[in-house]
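Architecture and fold: a report
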Amino acid sequence: MNNGKSMGSSTTLSDKKMKAFKDYLKTLKVKTDKTVNLKKDFETDYDHKMFAKEEGEALLQMGLERLAEIQDKLYAHNRYRLLIV
């Protein structure tokens, strides 16, 4: 399982950057039983560059690996379905 910091042979994220990324992700989660208005609740013109291109590519790879792990568990259990958009 990936600890969320190592990203291949040459790219790693500092603890500070990883915390900032996780904090940003928390802002994107919708709380249970909450109505969402994309226009009011979320910035649609986000242009901040939190990571260098290589770091972003590594984060994407980490996310894909984590998604594959979760899909394997769900498939092995043969009971649940998950749709990610």
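Here goes a summary of the coordinates provided.

Criteria and cut-off values
Residues numbered from 1 in each chain as written. Predicted model: local features only at pLDDT ≥ 70, side-chain atom pairs only at ≥ 80, totals over all residues. Heavy atoms only, no water. Helix = DSSP H or I, 4+ residues; strand = E, 2+ residues; numbered from the N terminus. Buried < 20%, exposed > 50% of the residue type's maximum accessible area, 1.4 Å probe, protein only. Salt bridge = Lys/Arg side-chain N within 4 Å of Asp/Glu carboxyl O. Core = buried A, V, L, I, M, F, W, Y, C linked by side-chain atoms within 4.5 Å. Contact = heavy atoms within 4.5 Å. Polar contact = N/O pair within 3.5 Å; in protein donor to acceptor, adjacent residues only side chain to side chain. Patch = residues over 30% accessible without salt bridge, like charges linked within 9 Å, V, L, I, M, F, W, Y side chains within 5 Å. Areas by Shrake-Rupley, 256 points an atom, 1.4 Å probe, with all protein chains shown as cover.

Topic: the overall build of the protein chain
- Each helix and strand in the protein chain was counted, giving three helices and two strands.
- Along the protein chain, from the amino end to the carboxyl end, the secondary structure elements read β-β-α-α-α.
- Sorting the 85 residues of the protein chain into buried and exposed places 13% on the buried side.

Considerations on the pattern of salt bridges
- In this structure the tally under the stated criterion is three salt bridges.
- Between Glu-69 and Arg-66 there is a salt bridge, with its nearest N and O atoms 3.2 Å apart. Taken as a pair, Glu-69 and Arg-66 lie in helix α3 (residues 53-77) at a separation of three residues, close to a single helical turn.
- Residue classification places Arg-66 among the partly exposed positions, given a relative accessible area of 36%.

Some points on the nonpolar core
- Counting six residues, the largest nonpolar core is built from Leu-13, Met-18, Phe-21, Phe-51, Leu-59 and Met-62.
- Of all the secondary structure elements, the ones that give two or more residues to this core are α1 (15-28) and α3.
- Setting aside anything within four residues of it in sequence, one finds Phe-51 in contact with Leu-13, Lys-17, Phe-21, Gly-56 and Leu-59.

Description of the side chain of Glu-55
- Considering the arrangement of structural elements, one finds Glu-55 in helix α3.
- Given the relative accessible area of 13%, Glu-55 is considered buried.
- Side-chain polar atoms of Glu-55 contact the side chain of Lys-17, separated by 2.9 Å.

Points about a nonpolar patch on the surface
- A surface patch of nonpolar side chains, amounting to about 260 Å² of accessible area, comprises Val-30, Val-36 and Leu-38.
- Inspection of the secondary structure puts Val-30 in the loop between α1 and α2 (38-41).
- Residue classification places Val-30 among the partly exposed residues on the basis of a relative accessible area of 45%.

So, unusual backbone geometry
- One non-glycine residue, Asp-33, adopts positive backbone phi at about 65 degrees.
- A relative accessible area of 81% places Asp-33 in the exposed class.

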